[in-house]
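# Summary of the model geometry
Given next are the chains, with one letter for each unit.
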Amino acid sequence: MTDLTDLTTRLPQELKIVTDQLPGPASAALAARTSASVARGIAPALKAYIVDADGGVLVDADGNSFIDFASGIAVTSVGASNPAVVEAVREAVGHFTHTNFTTSPYEAYTAVAEKLNEITPGDHEKRTVLLNSGAEAVENAVKIARNYTGRNAVVVMDRAYHGRTNLTMAMTAKNVPYKDGFGPFASEVYRAPMSYPLHDGLTGPEAAEQTIWQMEKEIGADNLACVVIEPIQGEGGFVVPAEGFLPAIAEWCRANGVVFIADEIQAGMCRTGDWFAVNHENVIPDVMTTAKGIAGGMPLSAVTGRAEIMDAPGPGSLGGTYAGSPVACAAALPVACAAALAALGQMEELDLAGRARGIETVVREILEPLVTETGGRVAEVRGRGAMLALEFVDADGHADGATVKKIVADCQAAGLLTLTCGLNGNVIRLLPPLVIGEALLRDGLTVLAEAIRKNI
């Protein structure tokens, strides 16, 4: 197992609850202000209000120290206040806070594009465009694929999540809370079955055969611009497709002139133990979307792909006011590069892909025995690297979201932040920072295991 020795941090890496109840008085006062001023559609998972964060801990306004198994939903992989990222941002903003790359360009945008072209799979010529958010990256990937192919139809998978904009809501599967009441949605988006080994019992090639049959019979390859797929599904339940599923879909796309788009927004950037989740089966996408962990907490996303595809849209057709923000990706050259280059550098320097594999070893050691211990109520511990999840069912084998809510609440009361996912809300997902130390990781897993035993 890769060494998970504690790295140097600003804050003590410890679980510490100092208030009699949660939230404490300072956080409760902030919550009251929030409910009086912020739209109720914004609903924080953690009731405590954070004033500081570092490594694997979050410190709230009352001085409580929580273990962070969420990482801002897979964003702060290098830590919430990684010193290299902080210094790079500080240096960058001292020179300029903004200039739009399409009006007055800067070197760091190009440097980030060069780095992404280097580390994404395949040795073909590539191009990159930088944007703000994951949803925006997905929208632009679809735009580019439609422009390149001259076709309109888009295929996404069952349980997919791709964002909250109009097009990406159409691509996202789960209704509440993401889509309910927000239609009508963009047209020409079709859903196909995704491999789900726990429930479908199919091999990867068998599952792919079903998916391909549906695409050919219900849509037609000649009408299809792209297939957009999460190599490991995120909000849909951290579903890992059976071996052979992704290569078969990618091969069919190549044979039929369909752009294969890998949405690596949650699974990428060392989260699954490699730069990207598709690397596990040596799948080479035509186009890839990245975001979340790419810039150590700063808002940045990217679309990277084959040069002939990415160059199909004409000059001026891609971009945005804050797309590729100089603070998120830029450099005060030659002194230091800002967030993205610093974060990518930390991923290499600290071997965060290796640490992700080490995290998986510890998680499986502590949590996998619960499958047997609970008589299958914990149906599966699945995932790869530091993108892991537990699926819960009731005594009759049905999705058990009610128990999951109790477990998550008990974890939070004990000082551990966890998140849920899955269409039925019956999956607990684990997304700890990749810089978390082994002792703190084990402390958090112990809290989770105790909460599971208490509620099952």
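First, a word on scope: everything that follows refers to the structure included in this document. (Residues numbered from 1 in each chain as written. Predicted model: local features only at pLDDT ≥ 70, side-chain atom pairs only at ≥ 80, totals over all residues. Heavy atoms only, no water.)

## Re the layout of surface pockets
Rules: Grid points spaced at 1 Å and placed over the protein atoms alone form the basis of the search, with a cavity being a set where a 1.4 Å probe fits but cannot get out and a pocket an open set showing protein on both sides within 12 Å along at least five of seven lines. Lining residues have an atom within 4 Å of a point. Grid points are joined across faces, edges and corners, and a volume is the space filled by probe spheres set on the points. Helix and strand assignments follow DSSP, with helices taken as H or I runs no shorter than four residues and strands as E runs no shorter than two, numbered in order from the N terminus.
Empty space within the second largest pocket amounts to approximately 430 Å³. In terms of lining, the second largest pocket is formed by 23 residues, of which the most central are F101, Y109, T128, V129 and L318. Mapped onto the lining of the second largest pocket, the elements with two or more residues apiece are α4 (107-119) and β4 (126-131). Counting residues per element, the lining of the second largest pocket draws most heavily on β4, which supplies five residues.

## Focus: helix α15 (residues 401-413)
Just so we agree on the cut-off: Expected helix span is taken as 1.5 Å per residue step, with the number of steps being one fewer than the number of residues. A 1.4 Å probe rolled over the protein chains alone gives each residue an accessible area, and that area as a share of the maximum for its type sets the label: buried under 20%, exposed over 50%, partly exposed in between. Any two residues whose heavy atoms approach within 4.5 Å are treated as being in contact.
An ideal rise of 1.5 Å per residue puts 18 Å on 13 residues; α15 measures up with 18 Å between its terminal C-alpha atoms. When we look at burial in α15, the residues that qualify are G401, T403, V404, I407, V408, C411 and Q412. Turning to α15, the residues buried within the fold contact β3 (65-68), β14 (387-392), β15 (416-417), β16 (419-421), β17 (427-430) and α16 (438-455). Just downstream of α15 lies G415, where phi reads positive at about 100°.

## Examining the sheet that holds strand β10 (residues 301-306)
Put simply, the test is: Note: two strands are recorded as paired if DSSP finds a minimum of 2 bridges between them. Fitted lines through C-alpha atoms serve as axes, helices being fitted only where they are in contact, and the angles separating the N-to-C directions of these axes extend from 0 to 180 degrees.
The seven strands lie next to each other as β4-β10-β9-β8-β7-β5-β6, forming an open sheet whose pairing is mixed. Only two strands of the sheet have a single partner each, and these edge strands are β4 and β6 (189-192). Within the sheet, the average angular offset between the axes of one strand and its neighbour, ignoring direction, is 20°. In terms of strand pairing, β4 meets β10 through six bridges, oriented antiparallel.

## Topic: the side chain of D68
Here is the rule: The positive count covers Lys and Arg only, the negative count covers Asp and Glu only, and His and the chain ends enter neither. Salt bridge, as used here, is a side-chain nitrogen of Lys or Arg placed within 4 Å of a carboxyl oxygen of Asp or Glu. Any pair of nitrogen or oxygen atoms within 3.5 Å is treated as a polar contact; in protein, a donor-acceptor pairing is required on top of that, and neighbouring residues in sequence qualify only through side-chain atoms on both sides.
On the secondary structure map, D68 appears in strand β3. No salt bridge is formed by the buried D68. Its closest oppositely charged neighbour is R271, at 8.3 Å. Separated by 2.8 Å, the side chain of D68 and the backbone nitrogen of A70 make a polar contact. In this view, D68 contacts G56, L58, T76, L417, P432 and P433; residues no more than four positions away in its chain are not counted.

## Some thoughts on the nonpolar core
Note the threshold: For our purposes a nonpolar core is just a set of buried Ala, Val, Leu, Ile, Met, Phe, Trp, Tyr and Cys residues, chained together by side-chain atoms within 4.5 Å.
By size, the foremost hydrophobic cluster in this structure holds 119 residues, and its most contacted members are L367 and L448. Once you skip the residues sitting within four places of it in the chain, L367 turns out to touch V381, L390, L430, L445, L448 and A449.

## Points about the sheet that holds β16
Read across the sheet, four strands follow the order β13-β14-β17-β16 without closing on themselves; strand pairing throughout is antiparallel. Two strands in the sheet have a free side with no partner beyond their single neighbour: β13 (378-384) and β16. Across this sheet, the average inter-strand angle for adjacent strands is 30°, counted without regard to direction. Helix α13 (residues 352-367) contacts β13, β14 and β17 of the sheet and is inclined by roughly 175° relative to β13.

## Focus on the pattern of salt bridges
Inspection of every chain in the model, using the stated rule, returns 18 salt bridges. Of the charged contacts, one joins E118 and K115 as a salt bridge, the two residues approaching to 3.6 Å between their closest N and O atoms. Of this pair, E118 and K115 are both found in helix α4, three residues apart, which corresponds to roughly one turn of the helix. Looking at K115, the relative accessible area reads 16%, which means it is buried. The closest approach of N and O atoms between R306 and D286, which form a salt bridge, is 2.9 Å. Taken together, the positions of R306 in strand β10 and D286 in the loop between β8 (259-263) and β9 (287-290) put the pair 20 residues apart, joining distant regions of the chain. With respect to class, R306 is no different from D286; both count as buried. Overlapping salt bridges bring together K115, E118 and E348 as one network.

## A short note on the side chain of R151
Along the chain, the position of R151 falls in the loop between α5 (134-149) and β5 (153-157). Here R151 is buried and forms no salt bridge, its nearest opposite-charge partner D222 lying at an N-O distance of 4.6 Å. In this structure the side chain of R151 is engaged in a polar contact, spanning 3.3 Å, whose partner is the backbone oxygen of N256. A polar side-chain atom of R151 sits 3.3 Å from the main-chain carbonyl oxygen of G257.

## Re the state of the cysteines
As a reminder, the rule being used: We call a pair of cysteine sulfur atoms a disulfide when they lie within 2.5 Å.
Using the criterion set out here, one finds zero disulfides in the structure. With no disulfide of its own, C253 has C226 as its nearest cysteine by sulfur position, at a separation of 8.8 Å. Here C421 stays free of any disulfide, with the sulfur of C411 as its closest cysteine sulfur at 14 Å. You can call C421 buried: its relative accessible area is 2%.

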